[in-house]
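What the coordinates show
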Amino acid sequence: MVVGYELVHDFLSKKFFDKLGPDAKKVKTIIEIFRKAFKEWKDHKVLASKDRLILLSENISQLNLTDEEWLFLIKSSFSVYWFDDGGNRIIKLIDKKTLIRICMILLMTRVLK
């Protein structure tokens, strides 16, 4: 029963995606890329690559992020841009209140360990 459902679901998903306009397809793809990268971090502690960070930073307005998701992006961006002369792309995009909140979370988790 599940196999049949998956086939129908995949078929309908493709039909739905094909009917989207180019902008909606781009947004959907960006969200899927982020979700996959975030899941890899949650499951295996794999940070986002420079290519993914560039793509995500260019489309950050398409994402509505939680503190934990920002934490993932900040950790990833520091691992990629720590020695990069171009500066940290993600840090430049995050509002100061969110950045302070995330930094406090980082500090507290280090202090409590």
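Residues numbered from 1 in each chain as written. Predicted model: local features only at pLDDT ≥ 70, side-chain atom pairs only at ≥ 80, totals over all residues. Heavy atoms only, no water.

Comments concerning unusual backbone geometry
- A positive phi angle, close to 60°, is found at Lys45, a residue other than glycine.
- One can find Lys45 in the loop between α2 (22–44) and α3 (50–58). (Helix = DSSP H or I, 4+ residues; strand = E, 2+ residues; numbered from the N terminus.)

Structural notes on a nonpolar patch on the surface
- Taken together, the side chains of Ile100, Met104 and Leu107 make up a nonpolar region of the molecular surface, amounting to roughly 310 Å² of accessible area.
- Here Met104 is to be found in helix α6 (residues 96–112).
- A relative accessible area of 45% places Met104 in the partly exposed class. (Patch = residues over 30% accessible without salt bridge, like charges linked within 9 Å, V, L, I, M, F, W, Y side chains within 5 Å. Areas by Shrake-Rupley, 256 points an atom, 1.4 Å probe, with all protein chains shown as cover. Salt bridge = Lys/Arg side-chain N within 4 Å of Asp/Glu carboxyl O. Buried < 20%, exposed > 50% of the residue type's maximum accessible area, 1.4 Å probe, protein only.)

Quick word on the nonpolar core
- Core analysis: the biggest nonpolar cluster contains 21 residues, and Phe34, Leu63, Leu65, Trp70, Phe72 and Leu73 have the highest contact counts within it.
- Looking at this core, the elements that each hand over two or more residues are α2, α3, α4 (67–81) and α6.
- Apart from residues lying up to four places away in sequence, Leu65 is in contact with Phe34, Ile60, Trp70 and Leu73. (Core = buried A, V, L, I, M, F, W, Y, C linked by side-chain atoms within 4.5 Å. Contact = heavy atoms within 4.5 Å.)

Looking at the pattern of salt bridges
- Summed over all chains, the structure comprises five salt bridges.
- Where Lys42 meets Glu68, a salt bridge forms, and the shortest distance between an N and an O atom there is 2.6 Å. Highlighted residues: Lys42 in helix α2 and Glu68 in helix α4, separated in sequence by 26 residues.
- Overall, Lys42 belongs to the partly exposed group, its relative accessible area being 40%.
- Assessed through its relative accessible area of 36%, Glu68 is described here as partly exposed.

Let's talk about the packing of α2 against α3
- As a packed pair, α2 and α3 sit with axes 10 Å apart at the nearest point and diverge in direction by 135°. With respect to α3, the axis of α2 lies oblique. Our pair here, α2 against α3, has a crossing hand that is left-handed. Residue-level inspection shows Ile30, Ile33, Phe34, Lys36, Ala37 and Glu40 of α2 in contact with α3, the latter providing Arg52, Leu55 and Leu56. (Axes fitted to C-alpha atoms, helices over the stretch in contact; angles between N-to-C directions. Parallel < 35°, antiparallel > 145°, perpendicular 65-115°, else oblique. Left-handed = near helix turned anticlockwise from the far one by under 90°.)

Overview of the environment of Ile94
- One can find Ile94 in the loop between α5 (89–93) and α6.
- Placed 24 residues apart in sequence, Ile94 and Trp70 show a C-alpha to C-alpha distance of 8.5 Å.
- Among all residues touching Ile94, those that are not within four sequence positions of it are Trp70, Ile74 and Leu99.

Remarks on the packing of α3 against α4
- As a packed pair, α3 and α4 sit with axes 10 Å apart at the nearest point and diverge in direction by 125°. By the angle class used here, α3 and α4 are oblique. In the packing of α3 onto α4, the handedness of the crossing is left-handed. Contacts between α3 and α4 involve Lys50, Leu53, Ile54 and Leu56 from the first element and Leu73, Ser76, Ser77, Val80 and Tyr81 from the second.

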